[in-house]
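The primary structure of each chain is shown beneath.
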Amino acid sequence: VAMNPTTGEVKALVSTPSYDAQAFILGMTPEKWNKINNDPRHPMQNRFKGIFAPGSSLKPIIAAIGLSQNKFSASDDFGNSGKRWQKDKSWGGYYVTTLHDYNGHNLQNAMIYSDNIYFAKAALKIGADQLMQSLKQIGFNQELPFDIKMSESQYSNMDKIETEIQLADSGYGQGQILVNPLHLASIYTAFLNDGNMIKPYLHADGGSTSSEIWIKDAFSPQIVSEVMEGLEGVVNNPEGTGYGACREDIRLAGKTGTAELKATKEDTSGTEIGWFTVFTTDRDTKNPILLISMVENVKDIGGSGYVVEKDKAILDEYLGNE
(Lines give C-alpha, C1' and ligand atoms only; values in the text may rest on other atoms or scores of the structure.)
Protein backbone atom coordinates (compact mmCIF):
# COMPACT_ATOMS: atom_id res chain seq x y z
CA VAL A 1 0.00 0.00 0.00
CA ALA A 2 1.23 3.48 -0.89
CA MET A 3 -0.78 6.34 0.60
CA ASN A 4 -0.58 10.06 1.21
CA PRO A 5 -0.64 9.92 5.04
CA THR A 6 -2.09 13.40 5.49
CA THR A 7 -4.99 13.16 3.00
CA GLY A 8 -5.68 9.42 2.81
CA GLU A 9 -5.26 9.33 -0.97
CA VAL A 10 -4.25 5.80 -1.95
CA LYS A 11 -1.57 6.05 -4.60
CA ALA A 12 -1.02 2.35 -5.19
CA LEU A 13 -2.32 -1.05 -4.18
CA VAL A 14 0.01 -3.77 -5.39
CA SER A 15 -0.12 -7.56 -5.22
CA THR A 16 2.61 -9.55 -6.90
CA PRO A 17 3.12 -12.02 -8.49
CA SER A 18 0.01 -11.44 -10.54
CA TYR A 19 -1.38 -12.51 -13.91
CA ASP A 20 -2.65 -11.05 -17.18
CA ALA A 21 -6.35 -10.28 -16.61
CA GLN A 22 -6.83 -9.90 -20.37
CA ALA A 23 -6.33 -13.63 -20.73
CA PHE A 24 -9.63 -14.24 -18.94
CA ILE A 25 -11.42 -11.99 -21.42
CA LEU A 26 -9.75 -13.23 -24.59
CA GLY A 27 -9.64 -16.84 -23.49
CA MET A 28 -6.76 -19.14 -22.53
CA THR A 29 -5.71 -22.69 -23.11
CA PRO A 30 -6.18 -25.34 -20.41
CA GLU A 31 -2.40 -25.51 -20.15
CA LYS A 32 -2.12 -21.79 -19.38
CA TRP A 33 -4.97 -21.98 -16.85
CA ASN A 34 -3.35 -24.93 -15.08
CA LYS A 35 -0.03 -23.09 -14.96
CA ILE A 36 -1.60 -20.06 -13.28
CA ASN A 37 -3.87 -22.08 -11.00
CA ASN A 38 -1.12 -24.43 -9.81
CA ASP A 39 1.63 -21.84 -9.42
CA PRO A 40 2.99 -22.24 -5.84
CA ARG A 41 3.40 -18.44 -5.63
CA HIS A 42 -0.41 -18.08 -5.88
CA PRO A 43 -0.60 -15.26 -8.46
CA MET A 44 -4.39 -15.11 -8.20
CA GLN A 45 -4.29 -14.31 -4.49
CA ASN A 46 -4.83 -10.59 -3.96
CA ARG A 47 -2.54 -9.78 -1.05
CA PHE A 48 -3.67 -6.21 -0.42
CA LYS A 49 -7.25 -7.38 0.15
CA GLY A 50 -6.21 -10.12 2.59
CA ILE A 51 -5.25 -10.31 6.25
CA PHE A 52 -1.89 -11.42 7.62
CA ALA A 53 -0.04 -11.74 10.91
CA PRO A 54 1.50 -8.26 11.34
CA GLY A 55 4.39 -9.20 13.61
CA SER A 56 6.20 -6.24 15.10
CA SER A 57 4.49 -3.72 12.83
CA LEU A 58 1.69 -3.88 15.44
CA LYS A 59 3.95 -2.84 18.32
CA PRO A 60 3.44 0.96 17.96
CA ILE A 61 -0.32 0.35 18.13
CA ILE A 62 0.04 -1.78 21.28
CA ALA A 63 2.19 1.00 22.75
CA ALA A 64 -0.41 3.66 21.93
CA ILE A 65 -3.20 1.57 23.48
CA GLY A 66 -1.24 0.92 26.68
CA LEU A 67 -0.32 4.59 27.05
CA SER A 68 -3.92 5.63 26.34
CA GLN A 69 -5.19 3.38 29.11
CA ASN A 70 -2.50 4.52 31.57
CA LYS A 71 -1.27 0.95 31.93
CA PHE A 72 2.34 2.16 31.73
CA SER A 73 4.32 5.24 30.76
CA ALA A 74 6.85 5.64 27.97
CA SER A 75 9.66 5.97 30.53
CA ASP A 76 8.75 2.87 32.55
CA ASP A 77 11.54 0.28 32.51
CA PHE A 78 10.06 -3.20 32.21
CA GLY A 79 13.33 -4.81 33.29
CA ASN A 80 15.87 -6.95 31.49
CA SER A 81 14.58 -10.48 30.99
CA GLY A 82 17.27 -11.53 28.54
CA LYS A 83 16.23 -13.11 25.27
CA ARG A 84 13.79 -15.66 26.71
CA TRP A 85 10.95 -14.97 29.14
CA GLN A 86 7.76 -16.42 30.59
CA LYS A 87 5.46 -14.82 33.12
CA ASP A 88 5.53 -17.77 35.50
CA LYS A 89 5.60 -21.57 35.62
CA SER A 90 1.93 -21.77 34.62
CA TRP A 91 3.12 -21.24 31.05
CA GLY A 92 4.81 -24.64 31.14
CA GLY A 93 7.42 -24.88 28.39
CA TYR A 94 6.24 -21.76 26.55
CA TYR A 95 8.54 -18.74 26.37
CA VAL A 96 8.50 -15.44 24.52
CA THR A 97 11.82 -14.86 22.76
CA THR A 98 13.51 -11.79 21.33
CA LEU A 99 16.67 -11.15 19.35
CA HIS A 100 18.56 -8.26 20.97
CA ASP A 101 20.18 -7.44 24.29
CA TYR A 102 20.18 -3.75 25.21
CA ASN A 103 20.15 -1.41 28.18
CA GLY A 104 17.13 0.57 29.36
CA HIS A 105 13.92 -1.38 28.67
CA ASN A 106 11.65 1.60 28.10
CA LEU A 107 9.26 2.19 25.21
CA GLN A 108 11.63 3.99 22.86
CA ASN A 109 14.38 1.38 23.16
CA ALA A 110 11.88 -1.47 22.92
CA MET A 111 10.71 -0.04 19.59
CA ILE A 112 14.24 0.53 18.28
CA TYR A 113 15.35 -3.00 19.15
CA SER A 114 11.89 -4.50 18.40
CA ASP A 115 11.74 -6.28 21.75
CA ASN A 116 9.06 -9.01 21.74
CA ILE A 117 9.35 -9.51 25.49
CA TYR A 118 8.64 -5.84 26.27
CA PHE A 119 5.48 -5.87 24.15
CA ALA A 120 4.32 -9.23 25.53
CA LYS A 121 4.56 -7.66 28.99
CA ALA A 122 2.77 -4.55 27.66
CA ALA A 123 -0.15 -6.66 26.41
CA LEU A 124 -0.45 -8.39 29.79
CA LYS A 125 -0.53 -5.01 31.51
CA ILE A 126 -3.31 -3.87 29.15
CA GLY A 127 -5.38 -7.03 29.67
CA ALA A 128 -7.40 -9.03 27.17
CA ASP A 129 -10.73 -7.23 27.57
CA GLN A 130 -9.20 -3.78 27.27
CA LEU A 131 -7.03 -4.78 24.31
CA MET A 132 -9.99 -6.25 22.42
CA GLN A 133 -12.10 -3.18 23.11
CA SER A 134 -9.32 -0.82 22.04
CA LEU A 135 -8.65 -2.73 18.83
CA LYS A 136 -12.37 -2.64 17.99
CA GLN A 137 -12.30 1.13 18.45
CA ILE A 138 -9.64 1.46 15.75
CA GLY A 139 -11.37 -0.70 13.17
CA PHE A 140 -10.73 -4.34 14.02
CA ASN A 141 -13.65 -6.67 13.27
CA GLN A 142 -15.32 -4.05 11.09
CA GLU A 143 -15.45 -3.22 7.41
CA LEU A 144 -12.94 -0.71 6.11
CA PRO A 145 -14.69 2.31 4.51
CA PHE A 146 -13.12 1.99 1.07
CA ASP A 147 -14.14 1.57 -2.57
CA ILE A 148 -12.67 -1.95 -2.72
CA LYS A 149 -13.88 -4.47 -0.16
CA MET A 150 -11.05 -5.57 2.13
CA SER A 151 -10.93 -8.47 4.56
CA GLU A 152 -11.60 -7.39 8.14
CA SER A 153 -8.69 -7.29 10.57
CA GLN A 154 -9.10 -9.58 13.58
CA TYR A 155 -7.61 -10.05 17.05
CA SER A 156 -8.73 -13.67 17.44
CA ASN A 157 -10.13 -16.57 15.44
CA MET A 158 -12.91 -16.96 18.01
CA ASP A 159 -13.74 -13.27 18.57
CA LYS A 160 -12.00 -13.44 21.94
CA ILE A 161 -8.45 -13.52 23.27
CA GLU A 162 -8.85 -16.66 25.34
CA THR A 163 -5.56 -17.30 27.14
CA GLU A 164 -2.75 -15.38 28.80
CA ILE A 165 -0.24 -16.77 26.31
CA GLN A 166 -2.43 -15.68 23.38
CA LEU A 167 -2.63 -12.20 24.93
CA ALA A 168 1.15 -12.01 25.36
CA ASP A 169 1.73 -13.13 21.76
CA SER A 170 -0.81 -10.58 20.54
CA GLY A 171 1.38 -7.83 22.01
CA TYR A 172 4.00 -8.38 19.33
CA GLY A 173 1.64 -9.10 16.45
CA GLN A 174 1.46 -12.88 16.68
CA GLY A 175 -1.13 -15.04 18.44
CA GLN A 176 -4.25 -14.91 16.27
CA ILE A 177 -3.87 -11.25 15.21
CA LEU A 178 -4.42 -10.74 11.48
CA VAL A 179 -4.37 -7.32 9.83
CA ASN A 180 -5.29 -5.99 6.42
CA PRO A 181 -2.45 -3.84 4.97
CA LEU A 182 -4.71 -0.91 4.04
CA HIS A 183 -6.29 -0.93 7.49
CA LEU A 184 -2.79 -0.93 9.01
CA ALA A 185 -1.94 2.09 6.85
CA SER A 186 -5.01 3.92 8.10
CA ILE A 187 -4.05 3.27 11.73
CA TYR A 188 -0.56 4.60 11.11
CA THR A 189 -2.00 7.86 9.72
CA ALA A 190 -3.00 8.65 13.31
CA PHE A 191 0.68 9.15 14.13
CA LEU A 192 0.81 12.08 11.68
CA ASN A 193 -2.62 13.59 12.25
CA ASP A 194 -2.80 14.36 15.98
CA GLY A 195 -4.21 10.93 16.75
CA ASN A 196 -6.96 10.94 14.11
CA MET A 197 -7.16 8.00 11.71
CA ILE A 198 -7.63 9.20 8.14
CA LYS A 199 -10.10 7.51 5.80
CA PRO A 200 -8.38 6.01 2.74
CA TYR A 201 -9.81 6.88 -0.66
CA LEU A 202 -9.27 6.47 -4.40
CA HIS A 203 -9.88 9.24 -6.92
CA ALA A 204 -9.31 10.07 -10.58
CA ASP A 205 -8.75 13.30 -12.52
CA GLY A 206 -7.36 15.30 -9.64
CA GLY A 207 -10.18 14.75 -7.17
CA SER A 208 -10.20 15.99 -3.60
CA THR A 209 -6.96 16.73 -1.78
CA SER A 210 -8.49 17.22 1.66
CA SER A 211 -8.51 14.56 4.34
CA GLU A 212 -11.56 12.95 5.88
CA ILE A 213 -11.32 11.51 9.37
CA TRP A 214 -12.45 7.91 9.71
CA ILE A 215 -11.86 7.48 13.48
CA LYS A 216 -11.43 10.66 15.49
CA ASP A 217 -9.12 10.74 18.52
CA ALA A 218 -7.91 7.18 18.14
CA PHE A 219 -4.98 8.37 20.27
CA SER A 220 -4.20 11.67 21.99
CA PRO A 221 -1.58 14.08 20.54
CA GLN A 222 0.60 13.49 23.62
CA ILE A 223 0.60 9.74 23.11
CA VAL A 224 1.28 10.18 19.39
CA SER A 225 4.34 12.25 20.30
CA GLU A 226 5.64 9.55 22.65
CA VAL A 227 5.13 6.73 20.15
CA MET A 228 6.69 8.81 17.36
CA GLU A 229 9.95 9.02 19.32
CA GLY A 230 10.23 5.26 18.97
CA LEU A 231 9.09 5.20 15.34
CA GLU A 232 11.69 7.79 14.38
CA GLY A 233 14.34 5.91 16.32
CA VAL A 234 13.63 2.70 14.37
CA VAL A 235 14.72 4.41 11.14
CA ASN A 236 17.20 7.06 12.33
CA ASN A 237 19.06 5.36 15.18
CA PRO A 238 21.96 3.22 13.88
CA GLU A 239 20.73 0.42 16.15
CA GLY A 240 17.21 0.62 14.70
CA THR A 241 15.84 -2.30 12.70
CA GLY A 242 14.78 0.10 9.91
CA TYR A 243 18.03 2.09 9.77
CA GLY A 244 18.69 0.84 6.24
CA ALA A 245 16.04 3.31 5.00
CA CYS A 246 17.48 6.34 6.82
CA ARG A 247 17.91 9.49 4.70
CA GLU A 248 19.81 12.72 5.34
CA ASP A 249 17.46 14.93 3.32
CA ILE A 250 14.03 13.76 4.54
CA ARG A 251 13.06 12.58 8.01
CA LEU A 252 11.40 9.16 7.97
CA ALA A 253 9.83 7.03 10.68
CA GLY A 254 8.55 3.49 10.65
CA LYS A 255 8.52 -0.03 12.05
CA THR A 256 9.76 -3.35 10.81
CA GLY A 257 8.00 -6.62 11.51
CA THR A 258 8.64 -10.32 11.05
CA ALA A 259 5.80 -12.76 11.63
CA GLU A 260 6.49 -16.46 12.09
CA LEU A 261 4.08 -18.87 10.43
CA LYS A 262 4.44 -22.26 12.04
CA ALA A 263 2.34 -24.89 13.76
CA THR A 264 4.14 -24.82 17.12
CA LYS A 265 6.94 -22.92 18.86
CA GLU A 266 9.25 -25.89 18.18
CA ASP A 267 8.37 -26.11 14.47
CA THR A 268 11.48 -25.40 12.37
CA SER A 269 9.83 -25.92 8.98
CA GLY A 270 7.59 -22.84 9.11
CA THR A 271 8.15 -19.70 7.10
CA GLU A 272 8.20 -15.99 7.87
CA ILE A 273 6.60 -12.91 6.39
CA GLY A 274 8.40 -9.58 6.60
CA TRP A 275 6.89 -6.12 7.00
CA PHE A 276 8.11 -2.56 6.82
CA THR A 277 5.91 0.42 7.54
CA VAL A 278 7.66 3.70 6.69
CA PHE A 279 6.48 7.27 6.22
CA THR A 280 7.63 10.87 5.88
CA THR A 281 7.25 12.75 9.16
CA ASP A 282 7.01 16.35 7.91
CA ARG A 283 3.51 17.34 6.79
CA ASP A 284 5.10 19.95 4.50
CA THR A 285 7.15 17.39 2.61
CA LYS A 286 6.72 17.96 -1.11
CA ASN A 287 5.73 14.33 -1.75
CA PRO A 288 4.43 12.83 1.53
CA ILE A 289 4.25 9.05 1.49
CA LEU A 290 3.28 6.13 3.72
CA LEU A 291 4.31 2.66 2.58
CA ILE A 292 3.02 -0.59 4.03
CA SER A 293 5.01 -3.46 2.55
CA MET A 294 4.72 -7.17 3.21
CA VAL A 295 6.84 -9.89 1.62
CA GLU A 296 6.19 -13.59 2.05
CA ASN A 297 8.84 -16.26 2.64
CA VAL A 298 11.63 -14.00 3.95
CA LYS A 299 12.99 -16.52 6.44
CA ASP A 300 16.24 -17.21 4.60
CA ILE A 301 16.70 -13.88 2.78
CA GLY A 302 17.06 -11.44 5.63
CA GLY A 303 13.63 -11.24 7.26
CA SER A 304 12.22 -7.74 7.51
CA GLY A 305 15.63 -6.36 6.47
CA TYR A 306 14.87 -7.62 2.97
CA VAL A 307 11.68 -5.52 2.96
CA VAL A 308 13.57 -2.45 4.19
CA GLU A 309 15.89 -2.75 1.18
CA LYS A 310 12.91 -3.00 -1.18
CA ASP A 311 11.25 0.06 0.34
CA LYS A 312 14.47 2.06 0.25
CA ALA A 313 14.59 1.60 -3.51
CA ILE A 314 10.97 2.77 -3.80
CA LEU A 315 11.60 5.80 -1.59
CA ASP A 316 14.76 6.75 -3.48
CA GLU A 317 12.80 6.73 -6.73
CA TYR A 318 9.71 8.50 -5.39
CA LEU A 319 11.32 11.10 -3.15
CA GLY A 320 14.47 11.77 -5.16
CA ASN A 321 16.49 14.58 -3.61
CA GLU A 322 14.08 17.07 -2.07
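The rules behind each value
- Residues numbered from 1 in each chain as written.
- Predicted model: local features only at pLDDT ≥ 70, side-chain atom pairs only at ≥ 80, totals over all residues.
- Heavy atoms only, no water.
- Helix = DSSP H or I, 4+ residues; strand = E, 2+ residues; numbered from the N terminus.
- Rg over C-alpha atoms; globule rule 2.2 N^0.38 Å.
- Buried < 20%, exposed > 50% of the residue type's maximum accessible area, 1.4 Å probe, protein only.
- Contact = heavy atoms within 4.5 Å.
- Areas by Shrake-Rupley, 256 points an atom, 1.4 Å probe, with all protein chains shown as cover.
- Phe/Tyr/Trp six-rings, centres within 6.5 Å; stacked < 30°, edge-to-face > 60°.
- Lys NZ or Arg CZ within 6 Å of the ring centre and 35° of its normal.
- Pairing = 2+ DSSP bridges.
- Patch = residues over 30% accessible without salt bridge, like charges linked within 9 Å, V, L, I, M, F, W, Y side chains within 5 Å.
- Salt bridge = Lys/Arg side-chain N within 4 Å of Asp/Glu carboxyl O.
- Axes fitted to C-alpha atoms, helices over the stretch in contact; angles between N-to-C directions.
- Left-handed = near helix turned anticlockwise from the far one by under 90°.
- Polar contact = N/O pair within 3.5 Å; in protein donor to acceptor, adjacent residues only side chain to side chain.
- Expected span 1.5 Å × (residues − 1).

(A) Seen up close, the overall build of the chain. In terms of helices and strands, the chain carries 10 helices and nine strands. Computed over its C-alpha atoms, the radius of gyration of the chain comes to 20 Å, within 12% of the 20 Å expected for a compact globule of 322 residues. With the principal axes as the frame, the chain shows a C-alpha extent of 60 × 45 × 35 Å. A burial count over the chain gives 52% of its 322 residues as buried. For the chain, the proportion of contacts with a sequence separation of at least 24, taken over those separated by at least 6, is 67%. Total accessible area on the chain is roughly 15000 Å²; 46% of this is exposed by carbon and sulfur atoms.

(B) Region of the structure containing the environment of Gln69. If you trace the backbone, Gln69 turns up in the loop between helix 3 (59–68) and strand 3 (84–85). Distance in space between the C-alpha atoms of Gln69 and Ser134 is 9.2 Å, their sequence separation being 65 residues. When residues no more than four places from it in sequence are discounted, the contact partners of Gln69 are Gln130 and Ser134.

(C) Quick peek at the packing of aromatic side chains. This structure, assessed with the given rule, holds 12 aromatic pairs. Ring plane angle 85° and centroid distance 6.2 Å describe the contact between Phe24 and Trp33, whose orientation is recorded as edge-to-face. With relative accessibility at 43%, the residue Phe24 sits in the partly exposed group. A relative accessible area of 33% places Trp33 in the partly exposed class. Here Tyr118 and Phe119 contribute two aromatic rings whose centre-to-centre distance is 5.0 Å and whose plane-to-plane angle is 65°, an arrangement assigned as edge-to-face. Neither residue differs from the other here; Tyr118 and Phe119 are each classed as buried. In this structure, Arg84 packs its charged tip against the face of Tyr95, placed 3.5 Å from the ring centre. In this structure, Lys125 packs its charged tip against the face of Phe78, placed 4.9 Å from the ring centre.

(D) Here's a closer look at the pairing of strand 8 (residues 271–280). Among the 10 residues that make up strand 8, nine are buried, leaving the element largely enclosed by the rest of the structure. Where strand 7 (residues 252–261) lies against strand 8, 10 bridges are found, and the strand directions are antiparallel. For Gly254, the partnering residue across the bridge sits in strand 8 and is Val278. In the sheet, strand 8 pairs with strand 9 (residues 290–295) via six bridges, with the strands oriented antiparallel. Its bridge partner lying in strand 9, Thr277 is registered against Ile292.

(E) Structural view of a nonpolar patch on the surface. Together, Tyr19, Phe24, Trp33 and Met44 line one region of the surface with nonpolar side chains, adding up to about 370 Å² of accessible area. Summarising the element assignment, Phe24 is placed in helix 1 (residues 22–26).

(F) Geometry of the sheet that holds strand 7. As summarised here, the arrangement of the five strands in space is 2-1-9-8-7, forming an open sheet in which the pairing is antiparallel. Edge positions in the sheet fall to strand 2 (10–12) and strand 7, since each of these pairs with one other strand and no more. This element, helix 8 (residues 181–189), spans strand 1 (2–3), strand 2, strand 7, strand 8 and strand 9 of the sheet and lies at about 145° to strand 9.

(G) Local environment of the pattern of salt bridges. Applying the stated criterion across every chain yields a total of 10 salt bridges. For Lys312, the salt bridge identified is with Asp316, shortest N-O distance 2.9 Å. With Lys312 and Asp316 both in helix 10 (residues 304–319) and four residues apart, the pair spans about one turn of that helix. Salt bridges linked by common partners bring Arg247, Asp249, Lys312 and Asp316 together as one network.

(H) Region of the structure containing the environment of Val10. Looking at the element boundaries, Val10 is found in strand 2. Overall, the relative accessible area of 7% leaves Val10 in the buried class. A C-alpha to C-alpha distance of 28 Å links Val10 and Gln133, two positions 123 residues apart in sequence. Each residue touching Val10, except ones within four places of it in the same chain, is listed here: Ala2, Met3, Phe146, Leu182, Pro200, Tyr201 and Leu202.

(I) Quick peek at the packing of helix 3 against helix 9 (residues 221–236). For the pair helix 3 and helix 9, the least separation of the axes is 10 Å and the interaxial angle reads 150°. Considering how the two elements wind past one another, helix 3 and helix 9 form a crossing that is right-handed. Contact with helix 3, carried on its side by Pro60, Ala63, Ala64, Leu67 and Ser68, involves Ile223, Glu226, Val227 and Leu231 of helix 9 and no other residues of that element.

(J) Main features of the environment of Arg283. For Arg283, the location among the structural elements is in the loop between strand 8 and strand 9. Each C-alpha atom, one on Arg283 and one on Ser186, is 16 Å from the other, the two residues being 97 residues apart in sequence. Setting aside its immediate chain neighbours within four residues, Arg283 contacts Thr6, Leu192 and Asn193. A polar contact of 2.7 Å, which involves the side chain of Arg283, links it to the side chain of Asn193.

(K) Representation of helix 9 within the structure. For helix 9, which comprises 16 residues, the first-to-last C-alpha distance of 22 Å matches the rise-based estimate of 22 Å (1.5 Å per residue) to within 8%. For helix 9, the set of buried residues is Ile223, Val224, Val227, Met228, Gly230, Leu231, Gly233, Val234, Val235 and Asn236.

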